[in-house]
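Survey of secondary and tertiary structure
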Amino acid sequence: MTRAGQLIIVSGPSGAGKSTVLRRLLKDCPLPIDLSVSVTTRAARPGEVDGRDYHFVSKERFQQLRAADAFLECKEVFGRGDWYGTLRENVESGLNQGRWVLLEIDVQGAICVMDQCPGAISFFVHPGSLDELELRLRRRATDSEEAILRRLQVAADEIQAMSRYRYEIINRDVEQSVQEICRLLQQSQNEEGLNARST
Ligand code: 5GP
């Protein structure tokens, strides 16, 4: 029998450096990790590629997929009317092939997946404090004042849910965060191996 893979969930406020950490994790961690590409109704940003960053679809197509039960979870994020969903097929086929499937999803979606898949290994990546997040958002200078305030409000709400995650990663240094996540994943793999041998 093939050893089943593991499900990894990562959430955290935008501006915390989460995407950079995950890109590096996929490159540097020796575990067979695949990023699950979500479906979204939001427009592609410059530089984003359909099928790599997201599957970009119309609202009608999204609702068809939803009605067909294609999503493990799906949510309207930020209340802007944009939908995001994790394809059940992505997760199941990866896990069945013994891969580690990584979901980078928001807190609501993460809680929905944790309820369905209690064995998932979850990480909440954040910058340490809301003050630090504000500093980073202002330093990167890509958002309007209104967008910064909205992101901070969303982050404050998301931090309330942090205790639902198995691990908290304070991202002060990308290299260290990547090493820490990789170490925790390898540790969980070793624990799984021990459990399998003792049962
Ligand atoms: P962005 O539009 O900046 O790419 O992502 C906005 C938010 O949507 C981020 O917090 C991201 O983690 C979340 N997100 C991306 N894909 C999914 C998904 O499939 N499900 C859920 N629930 N959230 C997602």
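Quick summary incoming for the structure in this document. (Residues numbered from 1 in each chain as written. Predicted model: local features only at pLDDT ≥ 70, side-chain atom pairs only at ≥ 80, totals over all residues. Heavy atoms only, no water.)

Around the ligand, the surrounding shell holds 15 residues, and the nearest of these are Ser38, Arg42, Tyr54, Tyr84 and Asp106. One nitrogen or oxygen atom from the side chain of Tyr54 is found 2.6 Å from an oxygen atom belonging to the ligand. Burial of the ligand by the protein amounts to 90% of the accessible area it has alone, namely 510 Å². Contributing elements (two or more residues each) for the shell around the ligand: β5 (71-77) and β6 (82-87). Of the residues contributing to the shell around the ligand, the split by class is four nonpolar, four polar and seven charged. (Near = heavy atom within 4 Å. Polar contact = N/O pair within 3.5 Å; in protein donor to acceptor, adjacent residues only side chain to side chain. Areas by Shrake-Rupley, 256 points an atom, 1.4 Å probe, with all protein chains shown as cover. Helix = DSSP H or I, 4+ residues; strand = E, 2+ residues; numbered from the N terminus. Nonpolar A, V, L, I, M, F, W, Y, C, P; charged D, E, K, R; others polar.)

This model, assessed by the stated rule, comprises 15 salt bridges. Here Glu145 makes a salt bridge to Arg138, at a shortest N to O gap of 2.9 Å. On the basis of relative accessibility, which here comes to 36%, the residue Arg138 falls in the partly exposed class. Overlapping salt bridges bring together Arg24, Lys27, Asp28 and Glu175 as one network. (Salt bridge = Lys/Arg side-chain N within 4 Å of Asp/Glu carboxyl O. Buried < 20%, exposed > 50% of the residue type's maximum accessible area, 1.4 Å probe, protein only.)

This part is about the state of the cysteines. Enumeration according to the criterion identifies one disulfide in this entry. Here Cys29 pairs with Cys182 through a disulfide, and the sulfurs are 2.5 Å apart. Disulfide Cys29-Cys182: the torsion about the S-S bond is 80°, which places it as right-handed. Pair noted here: Cys29 is in the loop between α1 (18-28) and β2 (33-35) and Cys182 is in helix α7 (residues 174-198), with a separation of 153 residues, a long-range link. Overall, Cys29 belongs to the buried group, its relative accessible area being 6%. (Disulfide = S-S within 2.5 Å.)

Okay, the sheet that holds β6 next. The strand order across the open sheet formed by four strands is β4-β3-β6-β5, and the pairing between neighbours is mixed. The open sheet terminates on both sides in strands that have one partner only, identified here as β4 (55-56) and β5. One ladder, built from two bridges, connects strand β3 (residues 39-40) with β4; its direction is parallel. When the bridges of β4 are listed, Thr40 appears paired with Phe56. Across the sheet, helix α3 (residues 88-96) lies against β5 and β6, angled at about 25° from β6, the strand it touches most. (Pairing = 2+ DSSP bridges. Contact = heavy atoms within 4.5 Å. Axes fitted to C-alpha atoms, helices over the stretch in contact; angles between N-to-C directions.)

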